[in-house]
Amino acid sequence: MKRLTLAFCVLATFSLSSCTAFLAPTCAENDDILVDVYDKTFHITMEHGLENYSGQLYNTLRFLRGDGGFGNISQSEKISNTEMIEWSLNESMQGDSYTGYYITYEVKIKESHWYALVDLTEFDSGRYEWKVIEASKSLSEIQSMLY
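Residues numbered from 1 in each chain as written. Predicted model: local features only at pLDDT ≥ 70, side-chain atom pairs only at ≥ 80, totals over all residues. Heavy atoms only, no water.

**Focus on the overall build of the protein chain**
Next, step 1: Regarding its fold elements, the protein chain presents six helices and four strands.
Next, step 2: Each helix and strand of the protein chain, ordered N terminal to C terminal, gives the series α-α-α-α-α-β-β-β-β-α.
Next, step 3: Taken over 147 residues, the protein chain has a buried fraction of 31%.
Next, step 4: Residue pairs at least 24 apart in sequence account for 49% of intrachain contacts in the protein chain once pairs closer than 6 positions are excluded. (Helix = DSSP H or I, 4+ residues; strand = E, 2+ residues; numbered from the N terminus. Buried < 20%, exposed > 50% of the residue type's maximum accessible area, 1.4 Å probe, protein only. Contact = heavy atoms within 4.5 Å.)

**Digging into the confidence of the model for the protein chain**
Next, step 1: Taken over all residues, the pLDDT of the protein chain has a mean of 80, while the share at 70 or more is 69%.
Next, step 2: Mean pLDDT in the protein chain bottoms out at helix α1 (residues 2–17), which sits at 49, and peaks at strand β2 (residues 98–109), which reaches 97.
Next, step 3: Note on residues 12–20: pLDDT is under 50 here. Beyond four places in sequence and across chains, it has one contact.
Next, step 4: Confidence drops under a pLDDT of 50 for residues 50–56, and excluding neighbours within four residues, the segment shows five contacts in the predicted structure. (pLDDT = per-residue confidence, 0-100.)

**Some words on the side chain of Gln-143**
Next, step 1: Among the structural elements, Gln-143 can be located in helix α6 (residues 139–144).
Next, step 2: For Gln-143, a relative accessible area of 15% corresponds to the buried category.
Next, step 3: In terms of polar contacts, Gln-143 uses its side chain to reach the side chain of Thr-104, at 3.1 Å.
Next, step 4: Excluding residues within four positions of it along the chain, Gln-143 makes contact with Glu-86 and Thr-104. (Polar contact = N/O pair within 3.5 Å; in protein donor to acceptor, adjacent residues only side chain to side chain.)

**Points about the environment of Glu-129**
Next, step 1: Mapped onto the fold, Glu-129 is located in strand β4 (residues 128–136).
Next, step 2: Given a relative accessible area of 40%, Glu-129 falls into the partly exposed group.
Next, step 3: Separated by 10 residues in the primary sequence, Glu-129 and Asp-119 have C-alpha atoms spaced 8.3 Å apart.
Next, step 4: Within the structure, Glu-129 has its side chain in polar contact with the side chain of Arg-127 (distance 2.7 Å).

**Some thoughts on the environment of Glu-83**
Next, step 1: Here Glu-83 shows up in strand β1 (residues 82–94).
Next, step 2: As for Glu-83 and Val-107, which are separated by 24 residues in sequence, their C-alpha atoms are 6.5 Å apart.
Next, step 3: Leaving out residues up to four positions away in the same chain, Glu-83 has contacts with Thr-104, Tyr-105, Glu-106 and Lys-108.

**Examining the sheet that holds β4**
Next, step 1: Taken in spatial order, the four strands line up as β1-β2-β3-β4 in an open sheet, and their pairing is antiparallel. Either end of the sheet is taken by a strand with one partner, and the two such strands are β1 and β4. Pairwise comparison of adjacent strand axes, ignoring direction, gives a mean angle of 25 degrees for this sheet.
Next, step 2: As paired elements, β1 and β2 share eight bridges and run antiparallel to each other. In the sheet register, Glu-86 faces β2, and the bridge partner there is Thr-104. (Pairing = 2+ DSSP bridges. Axes fitted to C-alpha atoms, helices over the stretch in contact; angles between N-to-C directions.)

**Some details on the pairing of β2**
Next, step 1: Taken across its 12 residues, β2 has nine buried, putting it largely inside the fold.
Next, step 2: The hairpin formed by β1 and β2 contains three residues between the paired strands.
Next, step 3: Pairing of β2 with strand β3 (residues 112–123), which is carried by 12 bridges, proceeds in the antiparallel orientation. Bridged to Tyr-105 within β3 is Ala-116.

Written out as structure tokens, the structure is:
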């Protein structure tokens, strides 16, 4: 009887811990999302780097970088430099036909590492929507937006 009870407890623990795997986002690593996260994070890095410049100097620096720096970066490079590192359920976006998530990505731009927070909603129909909320060099700043 003790063995049966112990086996049941182990099985129940394993089953309950894997329940969240069924709720894991399925679209979070789709190429279109990864490219968009990279692009928006890159734009934010440009804003942070050039926010003190104005007028002609700002426009000259953007021109010298060439299309904000995107001209030299391929889609595959953007995808390989963007990685999902964590997800959590967006409790306010749970419905009968959709599930919401907050996804944290790490984005490598040149030698620096940035973090982006994305609000992703997946629908049972297979459709999905996302919005990049913020990007920062600080993971703790991104995580603080969740709590």
